[in-house]
Amino acid sequence: MFKKEVYVERRRKLSNHLQKGLVLFLGNTDVPMNYPSNIYHWRQDSTFLYFYGLDYQNMAAVMDLDNGNEYLFGNDVSLGDIIWMGPQITTEEKASLCGVSNHLPFARLHDTVKEAVKQGRTIHFLPPYRAENKILLEELTGIKPGAQKEKASVDLIKAVVALRSIKDDNEIQELEKAMETAWIMHTTAMKMAKPGVYEREIAGAIEGIALAAGGMLSFPAIVTVRGETLHNHYHGNKLKENDLLLVDTGAETAMRYASDHTRTTPVGGKFTPRQKDIYEAVLEAQLKAIEAIKPGVTNLSVHLLAAATLTDRLKEIGLMKGDTSSAVEQGAHALFMPHGLGHMMGLDVHDMEDLGENYVGYNDEIKRSDIFGTAFLRLGRKYEPGFVLTIEPGCYFIPALIDQWQSEGRFKEFINYEKVNEYRDFGGIRIEDDILVTDSGHKVMGRPIPRSIEEVEQIAATA
Ligand code: GLY
Ligand code: MN
């Protein structure tokens, strides 16, 4: 945990954003996997961590905006629990760690919220994403799970997004720890990309590094020679010479801050000429995008800059043709890059996605596009100092998408389908780094992971 003053100050700032009523925060509980006592990996809710720092099950908190009182709800454990779990700190001690003055047994949450509901007071809550909290919220407020997203407090969502979007120095230091683990994970994977190795061996090594560093993975690792499937979690392929191994993985620190990087490595240590051309196109798109990052610039414009750079290079290779800006404006490049350029990152790898992507990434000034490809961009709005985000362009040859677009004659004026079909077995390339927006520009976070053709070939050839 950070010092208690950090959490007190965050909650003070939050209360300045809101007018009246109760603010309700639900922590997470353990969730059974296949029988009640065999549980999924424990993960606290990120907003609960942000305001209270308490990485424990079965807690909730209330801020009463009308009288300034704060309450932490939780149960002290029984002797039976201590026998199985070891000694646990008390709810009183937990409250003291985050500077909350009142602590109550968990059951008192029910009277507290129900009484406020009866009095017609506003209850600010965030959209719950776990079934357990949806059920609890229904018990507390009477609002059915299906209506909870719509009834969640927009004022609270906007206030939380405003605070969590700007990373302070404590958070940047934590994120840098995740970056260091990421460096070890990725350089290990790159060295392991040898013919005869199974994807699962590399996936296992990566996960072990995250655990050994005191945290875990920030999301299930993507370790695949079929990189054209964007979120490919199958790890059963055996690597062979001239495959491209795409590894998209991140670490989460003990305090739950994330990293998220992607590297694509030629199995056997040498890119083929065709792989080199596409790799260089993606790398140029990434470098140009990163270079453009500074406060006041929109991530939407940087996404479109990356798309135009990729289009220009694909035109040189003969895969695309026509006017670059018209192609990008209409979304023709999305055959090759059907995803957004990146997303916010922090306590979540896709930071605050549970609160609603449009609240995090868009505002009255920058609206989400509805064009295929650009519509998947999670962050469109202007950068501000303290934002941390990923820049992750890619180029993929997805046979099902090629077939569909070709059969529709879609964007024939921009896509050379005859040439594209020669690449059906190519796979995919993505290159991803994590960027901090500074007062005057940007900083690529962490120790540089090999990225140029020369650097990647060198490490891939290392024993
Ligand atoms: N790194 C996986 C993703 O950003 O979706
Ligand atoms: Mn990412």
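Scroll up for the structure.
Since the model is a prediction, treat every value here as computed from it, not as a measurement.

S.K.: Lay out the nonpolar core with the relevant residues and their values.
M.R.: Core analysis: the biggest nonpolar cluster contains 124 residues, and Leu14, Phe25, Tyr52, Leu109, Ile278 and Phe397 have the highest contact counts within it. If you tally residues by element for this core, the top one is helix α11 (residues 273-291), at eight residues. Ignoring sequence-local partners within four residues, the contact set of Tyr52 consists of Met1, Tyr7, Arg11, Phe25, Ala61, Met63, Glu70, Cys98 and Val100. Ile206, Ala210, Val223 and Val225 belong to the second largest nonpolar core, which has 18 residues in total.

S.K.: Describe the layout of surface pockets, with residues and values.
M.R.: As a volume, the largest pocket reaches approximately 710 Å³. Together, 25 residues line the largest pocket, and Arg43, Arg130, Ser218, Glu252 and Asp348 are the ones closest to its centre. At the level of secondary structure, the elements contributing two or more residues to the lining of the largest pocket comprise α2 (46-52), α10 (199-212) and β8 (216-217). The class makeup of the residues in the lining of the largest pocket is nine nonpolar, seven polar and nine charged.

S.K.: Break down the packing of aromatic side chains for me, citing the residues and quoting the values.
M.R.: Where two aromatic rings form a pair, the distance of their centres and the angle of their planes describe that pair. In the structure shown here, the tally under the stated rule is 16 aromatic pairs. Taking the centre distance of 4.8 Å and the plane angle of 50° together, the rings of Phe271 and Tyr279 count as tilted. Tyr279 gets classed as buried once you look at its relative accessible area, which sits at 0%. Three or more aromatic residues joined by ring pairs make a cluster, and in this case those are Phe25, Phe48, Tyr50, Phe51 and Tyr52. Over the face of the ring belonging to Tyr56 we find Lys94, whose NZ or CZ atom lies 4.4 Å from the ring centre. Sitting over the ring of Tyr198, Arg200 keeps its end group 4.1 Å from the ring centre.

S.K.: Which residues make up empty space enclosed by the protein, and what values go with them?
M.R.: Under the counting rule described, the total for this entry stands at two cavities of 30 Å³ or more. The computed volume of the largest cavity comes to approximately 180 Å³. As for the largest cavity, its lining consists of 16 residues, and the residues nearest its centre are Leu26, Asp45, Leu126, Pro127 and Pro128. For the lining of the largest cavity, the secondary-structure elements that each account for two or more residues are β1 (22-26) and α6 (131-141). The element that contributes the greatest number of residues to the lining of the largest cavity is β1, accounting for three residues.

S.K.: Kindly report on a nonpolar patch on the surface, identifying the contributing residues and their values.
M.R.: A cluster of nonpolar side chains, Val77, Leu79, Ile82, Ile83, Trp84 and Met85, forms an exposed patch at the surface whose accessible area comes to about 700 Å². Positionally, Trp84 belongs in helix α3 (residues 79-85).

S.K.: So what's going on with the packing of helix α1 (residues 4-17) against helix α8 (residues 154-165)? Which residues, and what values?
M.R.: The N-to-C vectors of α1 and α8 enclose an angle of 135°; their axes lie 9 Å apart at closest approach. Comparing their axes, α8 and α1 come out oblique. Considering only the axes of α1 and α8, their crossing is right-handed. In this structure, α1 contributes Arg10, Lys13, Leu14 and His17 to the contact, and α8 contributes Leu156, Ala159, Val160, Ala162 and Leu163. Split into classes, the residues belonging to the contact of α1 with α8 amount to six nonpolar, one polar and two charged.

Rules behind the numbers
- Residues numbered from 1 in each chain as written.
- Chains lettered and ligands numbered in written order.
- Predicted model: local features only at pLDDT ≥ 70, side-chain atom pairs only at ≥ 80, totals over all residues.
- Heavy atoms only, no water.
- Core = buried A, V, L, I, M, F, W, Y, C linked by side-chain atoms within 4.5 Å.
- Buried < 20%, exposed > 50% of the residue type's maximum accessible area, 1.4 Å probe, protein only.
- Helix = DSSP H or I, 4+ residues; strand = E, 2+ residues; numbered from the N terminus.
- Contact = heavy atoms within 4.5 Å.
- 1 Å grid on protein atoms, 1.4 Å probe; cavity = no way out; pocket = protein on both sides within 12 Å on 5 of 7 lines; lining within 4 Å.
- Points joined across faces, edges and corners; volume = space filled by probe spheres on them.
- Nonpolar A, V, L, I, M, F, W, Y, C, P; charged D, E, K, R; others polar.
- Phe/Tyr/Trp six-rings, centres within 6.5 Å; stacked < 30°, edge-to-face > 60°.
- Lys NZ or Arg CZ within 6 Å of the ring centre and 35° of its normal.
- Patch = residues over 30% accessible without salt bridge, like charges linked within 9 Å, V, L, I, M, F, W, Y side chains within 5 Å.
- Areas by Shrake-Rupley, 256 points an atom, 1.4 Å probe, with all protein chains shown as cover.
- Salt bridge = Lys/Arg side-chain N within 4 Å of Asp/Glu carboxyl O.
- Axes fitted to C-alpha atoms, helices over the stretch in contact; angles between N-to-C directions.
- Parallel < 35°, antiparallel > 145°, perpendicular 65-115°, else oblique.
- Left-handed = near helix turned anticlockwise from the far one by under 90°.

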